[in-house]
Amino acid sequence: MKRIIKEIRTIFNELDGFIPLHSPLFAGNEKEYLMQCIDSTFVSSVGEFVTRFERQISEYTGAGFAVAAVNGTSALHLALHALGIGDRDEVITQPLTFVATCNAISYTGARPVFVDVDRDTMGMSPESLKEFLEQYCELRSNQCFRRETGKRIKACVPMHSFGFPCRIEDIVNICNDWNIPVIEDAAESLGSLSGGRHTGTFGKMGIFSFNGNKIITAGGGGCVVTDDEKLALRLKHLSTTAKEAHPWEYFHNETGFNYRMPNINAALLCAQMEELPVFLEKKRELAERYLEVFGRMGIEVKKERENTRANYWLNTIVMRSREERDALLEEAIKSKVMIRPAWKLMNTLPMYRDSFSASVKNSKNLSDCIVNVPSSVI
Ligand SMILES: *Cc1c(COP(=O)(O)O)cnc(C)c1O
């Protein structure tokens, strides 16, 4: 364990100071755009940086449209809400994810149902998804229902864990057979590709997060991407209190949300987007060093699959057991090197314990054994 810590310190050229898991870097036009934004006084929900940022995201990812939101969780909530998901519905997701995925599902009134992840990608397993649908669900008038509850399966939300693309093409194909829209939780995977195409753009919608620890950040922020123009307009409408455009009237035609991204956050993000290609390059170099160093020690390091490109947001290593993992975490805390275990599985949390869960063997094993190692851009 001491050797692992020592190697991390060598890589970061930091012999005894604190090493964070992931700190942001503001070395481009961030200050300039922030000053412009402040000088304009348009710091809140109206301003040109929001539009500019949305255009940057759609150009970069190849998505038709991007709608900025105040954070990734609200972006996901908006996407689910726009599909009309409510308390008579269920939404398929994976138990190995950040709690925001399931919380956003719950905000709509729907319940999450869990299928397993693949051991290699750490994202939703197409086999587990297919098996679940075939074993427990049926199509009635081309709508998917779960037999036991009679509830409609109204969406599927796979997540690209730590920036490693899951088998998204297979997942979308299976969901198409069952007429289930896919919303990709790409909160962690901005810049990751599968078959040359950006994660977040395979499903009906995809969401990104720009929280403080993500690959680019505005302190907080999020967005939804989609190719469907009508849907994009609806997402924008919902995120802006469902107010109809009018020179003076305040007319809201449904219960909307105050989920707009403030212009001042967008200013920061416009600059961060310019830096993203450099971040990706440097993160790739760091990942290669981890692969080399830990590979030599016989420790499994997560690596992008063939025909995919990971953004290497958080480098991930796999310990042999939970005990070994805990020993490493203890050593890390003592040595002030930030190493983080995976999340506790969603199907074990009090609010989701009663949700249906398929066999989640891989999720359990990964949740016990993986840790994220420091991954800031250096
Ligand atoms: C960060 C994250 C979110 C939510 O993003 P916030 O911007 O923090 O609301 C959602 N899902 C996953 C998997 C995340 O990692």
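The numbering scheme is per chain: residues are counted from 1 as the chain's sequence reads. Totals for whole chains, interfaces and linings use all residues, but because this is a predicted model, local features are given only for residues with pLDDT of at least 70 and pairs of side-chain atoms are given and counted only at 80 or more. Each side-chain value is worked out from all heavy atoms of the structure, with water and hydrogens disregarded.

**Q** I'd like a description of the overall build of the protein chain, backed by residues and values.
**A** Helix numbering and strand numbering both begin at the N terminus, where a helix is a DSSP run of H or I of at least 4 residues and a strand a DSSP run of E of at least 2. Helices and strands together make up the secondary structure of the protein chain, namely 11 helices and 16 strands. Radius of gyration here uses only the C-alpha atoms, and the compact-globule reference equals 2.2 Å multiplied by the residue count raised to the power 0.38. The C-alpha radius of gyration of the protein chain comes to 21 Å, within 12% of the 21 Å expected for a compact globule of 378 residues. If one aligns the C-alpha atoms of the protein chain with their principal axes, the spans along those axes are about 65 × 60 × 35 Å. Remark: exposure states derive from per-residue accessible area (1.4 Å probe, protein chains only) relative to the maximum for the residue type, with buried under 20%, exposed over 50%, and partly exposed in between. Sorting the 378 residues of the protein chain into buried and exposed places 56% on the buried side. Residues are treated as being in contact if the distance between any of their heavy atoms lies within 4.5 Å. Within the protein chain, contacts between residues separated by at least 24 positions form 70% of all contacts whose residues are at least 6 apart in sequence. Here the open area of atoms and residues is found with the Shrake-Rupley method and a 1.4 Å probe, where only the protein chains shown may cover a residue. Total accessible area on the protein chain is roughly 16400 Å²; 50% of this is exposed by carbon and sulfur atoms.

**Q** So what about the environment of Gln 36? Which residues, and what values?
**A** Examined against the element boundaries, Gln 36 turns out to sit in helix H2 (residues 30-40). Under the relative-accessibility criterion, Gln 36 is labelled partly exposed at 35%. C-alpha of Gln 36 to C-alpha of Ala 267: the two residues are 231 residues apart in sequence and 8.4 Å apart in space.

**Q** Help me get a handle on the environment of Val 50, residues and values and all.
**A** The residue Val 50 is located in helix H3 (residues 48-61) in this model. Separated by 95 residues in the primary sequence, Val 50 and Phe 145 have C-alpha atoms spaced 39 Å apart.

**Q** Break down the sheet that holds strand S9 (residues 197-198) for me, citing the residues and quoting the values.
**A** By this definition, two strands are paired if DSSP reports at least two bridges between them. Spatial ordering of the open sheet is given by S9-S8-S13, a layout of three strands whose pairing is antiparallel. Strands with a single pairing partner mark the edges of an open sheet, and in this sheet they are S9 and strand S13 (308-309).

**Q** Explain unusual backbone geometry to me, using residue names and the numbers behind them.
**A** The backbone of Asn 142 shows a phi angle near 60°, a positive value even though the residue is not glycine. Mapped onto the elements of the fold, Asn 142 is located in the loop between strand S4 (137-140) and strand S5 (143-146). According to the relative accessible area criterion, Asn 142 is partly exposed, its value standing at 46%. Even without glycine at this site, Thr 241 takes up a positive phi of about 55°.

**Q** Tell me about the site of the ligand, and name the residues and values.
**A** Neighbouring residues are identified by heavy atoms, a residue being near a molecule or strand if any of them is within 4 Å of it. Within the structure, the ligand sits among 15 residues, and Gly 72, Thr 73, Glu 188, Ser 209 and Lys 214 are positioned closest to it. In this structure, an oxygen atom belonging to the ligand sits 2.5 Å away from a side-chain N or O atom of Thr 73. One of the side-chain N or O atoms of Asp 185 is found 2.8 Å from a nitrogen atom in the ligand. Burial of the ligand by the protein chains amounts to 93% of its free accessible area of 380 Å². When residues of the shell around the ligand are traced back to their parent elements, those giving at least two are helix H4 (72-82) and helix H5 (99-107). Nonpolar residues are Ala, Val, Leu, Ile, Met, Phe, Trp, Tyr, Cys and Pro. Charged residues are Asp, Glu, Lys and Arg, and all others, Gly as well, are polar. Each residue belonging to the shell around the ligand can be placed in one class, and the counts come to four nonpolar, eight polar and three charged. The term polar contact refers here to a pair of N or O atoms within 3.5 Å; inside protein, the definition further demands a hydrogen-donor-capable atom paired with an acceptor-capable atom, and it admits residues adjacent in sequence only when both atoms are side-chain atoms.

**Q** An account of the side chain of Glu 30 is needed here, citing residue identities and associated values.
**A** Looking at the element boundaries, Glu 30 is found in helix H2. All tallies of charge rest on Lys and Arg as positive and Asp and Glu as negative; His and the ends of each chain are not included. Think of a salt bridge as a Lys or Arg side-chain nitrogen and an Asp or Glu carboxyl oxygen that are within 4 Å of each other. For the buried residue Glu 30, which engages in no salt bridge, the nearest side chain bearing the opposite charge is Lys 31, 8.4 Å off. Residue contacts for Glu 30: discarding those within four places in its chain leaves Leu 25, Leu 268, Ala 271, Gln 272 and Glu 275.

**Q** So, helix H8 (residues 229-239): which residues are in play, and what are the values?
**A** Of all the positions in H8, only Leu 231, Ala 232, Leu 235, His 237, Leu 238 and Ser 239 are classed as buried. Its side-chain oxygen placed 3.0 Å from the backbone nitrogen of Lys 230, Asp 228 serves as the N-cap of H8. In the stretch just after H8, Thr 241 is the one whose phi turns positive, near 55°.

**Q** Tell me about a negative patch on the surface, residues and numbers included.
**A** Only residues whose relative accessible area exceeds 30% and that form no salt bridge are eligible for patches; like-charged ones are grouped when within 9 Å, while nonpolar side chains (Val, Leu, Ile, Met, Phe, Trp, Tyr) are grouped when within 5 Å. Charge coordinates come from a single atom per side chain, which is NZ of Lys, CZ of Arg, CG of Asp or CD of Glu. Taken together, the side chains of Glu 127, Glu 131, Glu 169 and Asp 170 define an acidic patch exposed on the protein surface. Counting only elements with at least two residues in the negative patch, the list comes to helix H6 (126-136) and helix H7 (168-177). Among the secondary structure elements, Glu 169 is positioned in helix H7.

**Q** Quick rundown of the packing of aromatic side chains? Include the residues and the values.
**A** Pairing of aromatic side chains requires ring centres within 6.5 Å, counting the rings of Phe and Tyr and the six-membered ring of Trp. Pairs whose planes differ by under 30 degrees are stacked, by over 60 edge-to-face, and all others tilted. Per the stated rule, a full pass over the model turns up nine aromatic pairs. Aromatic pair Tyr 136 and Phe 356: ring centres 4.9 Å apart, planes at 65°, arrangement edge-to-face. Taken as a pair, Tyr 136 in helix H6 and Phe 356 in the loop between strand S15 (340-341) and helix H11 (361-369) lie far apart in primary sequence, 220 residues in all. Under the relative-accessibility criterion, Tyr 136 is labelled partly exposed at 31%. Taking relative accessible area as the criterion, Phe 356 reaches 14% and is therefore assigned buried. Between Phe 257 and Tyr 259, the ring centres sit 4.9 Å apart and the planes meet at 15°, which makes this aromatic pair stacked. For the pair Phe 257 and Tyr 259, a shared accessibility class is recorded, and that class is buried. Put simply, the rings of Phe 132, Tyr 136 and Phe 356 pair up and form one aromatic cluster. Over the ring of Phe 145 we find Arg 140, and its NZ or CZ is 4.3 Å from the ring centre. When the NZ atom of lysine or the CZ atom of arginine is within 6 Å of a ring's centre and also within 35 degrees of its normal, the charge is said to sit over that ring. The positively charged end of Arg 197 is found above the aromatic ring belonging to Phe 202, 4.5 Å away from the centroid.

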